[in-house]
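# Inside the fold
Residues per chain, in single letters:
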Amino acid sequence: MNLRHPLILASNSPRRQQLLREAGFSFEVYTEQVDESYPASLEKMEVGEYLARKKNAFYSKKLSDAIIVTADTTVVLDNELLEKPANSKEAFEMLSRLSGRSHNVITGVCISASDGLDAFSVSTRVTFKELTNEEIDYYISNYKPFDKAGAYGIQEWIGMIGITGIEGSYFNVVGLPIQEVYQRLVKYRL
């Protein structure tokens, strides 16, 4: 799909890149590291959108005359953020907490262009079956989910065998609510 301005996806996530590509968009990828700190007083459900806005502001200063897409996905359980695990122990603890329970996956997205900024969040409710220690260990050993909030990827083995319910956008849990992003980007068509 041809847009009026170059499209930039500012994200290290191969999953976001794949979703945007499969939705028919041509784009460049920028992957500079952006500070992902946020105010402790911020509501947990708002962190993803806050970080997407922060990342977008960083790139907007450097890139003019472009449409810039930034995103951040968070996992919230009992009003606590489950961020990216630092190691296998943290990943095991997170997946054990998610086991047999429901949680929210929220992706904040920010799209900026010369004519303004559009920021929004999409939330999806995900439910896991009771996971065994062996299943958790197998997943961590074989999939190394250290780059994923909540220590899992829905599109990977743990999602296939462990997720019993999903309310909302599957693609949001993958990392980008592509249906919503598509609707907001088509207004920039040639």
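Before reading on, note that the structure itself is shown above.
The following refers to the structure shown. (Residues numbered from 1 in each chain as written. Predicted model: local features only at pLDDT ≥ 70, side-chain atom pairs only at ≥ 80, totals over all residues. Heavy atoms only, no water.)

When two helices pack together, their arrangement is given by the angle between the helix axes and by the axis-to-axis distance. Running from N to C, helix 3 (residues 88-98) and helix 4 (residues 133-143) point in directions that differ by 135°, and their axes come no closer than 10 Å. Taken together, helix 3 and helix 4 sit at an angle that is classed as oblique. Helix 3 and helix 4 meet at a crossing whose hand is right-handed. In contact with S88, A91, F92, L95 and S96 of helix 3, helix 4 contributes N133, I136, D137, Y139 and I140. Here the residues of the contact of helix 3 with helix 4 sort into six nonpolar, three polar and one charged. (Axes fitted to C-alpha atoms, helices over the stretch in contact; angles between N-to-C directions. Helix = DSSP H or I, 4+ residues; strand = E, 2+ residues; numbered from the N terminus. Parallel < 35°, antiparallel > 145°, perpendicular 65-115°, else oblique. Left-handed = near helix turned anticlockwise from the far one by under 90°. Contact = heavy atoms within 4.5 Å. Nonpolar A, V, L, I, M, F, W, Y, C, P; charged D, E, K, R; others polar.)

L7, L20, Y152 and L185 are the most contacted members of the largest nonpolar core, which has 42 residues in total. Ranked by residues supplied to this core, first place goes to strand 3 (residues 67-77) with five residues. Setting aside residues no more than four positions away along its own chain, L7 makes contact with L20, F25, S26, F27, E28, I67, V69 and L185. Ranked by size, the runner-up nonpolar core spans seven residues in total, among them A10, Y59, L63 and A66. (Core = buried A, V, L, I, M, F, W, Y, C linked by side-chain atoms within 4.5 Å. Buried < 20%, exposed > 50% of the residue type's maximum accessible area, 1.4 Å probe, protein only.)

Next up on the list: the packing of aromatic side chains. In total, this model carries seven aromatic pairs according to the counting rule given. The interplanar angle of 80° and the centroid separation of 5.3 Å between the aromatic rings of Y170 and F171 together place this pair among those described as edge-to-face. Each residue in the set Y30, F58 and Y59 is aromatic and connected to the rest through ring pairs, giving one cluster. The aromatic ring of F120 is capped on one face by R184, whose charged end is 3.9 Å from the ring centroid. (Phe/Tyr/Trp six-rings, centres within 6.5 Å; stacked < 30°, edge-to-face > 60°. Lys NZ or Arg CZ within 6 Å of the ring centre and 35° of its normal.)

Rolled over the atoms, a probe with the dimensions of a water molecule shows which regions are left empty. If you add up the space inside the largest pocket, you get close to 710 Å³. Along the walls of the largest pocket sit 37 residues, with R16, K55, D72, K84 and D147 positioned nearest its centre. Those elements giving two or more residues to the lining of the largest pocket turn out to be helix 1 (14-22), helix 2 (47-62), strand 3 and helix 6 (170-174). Broken down by element, the residue count for the lining of the largest pocket peaks at five residues, all from strand 3. (1 Å grid on protein atoms, 1.4 Å probe; cavity = no way out; pocket = protein on both sides within 12 Å on 5 of 7 lines; lining within 4 Å. Points joined across faces, edges and corners; volume = space filled by probe spheres on them.)

Let's shift gears to unusual backbone geometry. One non-glycine residue, K144, adopts positive backbone phi at about 45°. A residue is classified by how much of its surface remains accessible, and K144, at 48% relative accessible area, is partly exposed. Of note in the backbone geometry, A151 takes a positive phi value of approximately 65° without being a glycine. Within the secondary structure layout, A151 lies in the loop between helix 4 and helix 5 (157-162). Judged by relative accessible area, A151 falls into the buried class, the value being 0%.

Here we come to the pattern of salt bridges. All chains considered together, the criterion is met by 14 salt bridges. For D118, the salt bridge goes to R184, with nearest N and O atoms at 2.6 Å. Note that D118 is positioned in strand 6 (residues 116-128) and R184 in helix 7 (residues 178-185), a separation of 66 residues in sequence. A relative accessible area of 17% means that D118 is categorised as buried. When the shortest N-O distance is used, the salt bridge between E156 and K148 registers 3.3 Å. Owing to a relative accessible area of 14%, E156 belongs among the buried residues under this scheme. Taken together, the shared-partner salt bridges connect R15, D147, K148 and E156 into one network. (Salt bridge = Lys/Arg side-chain N within 4 Å of Asp/Glu carboxyl O.)

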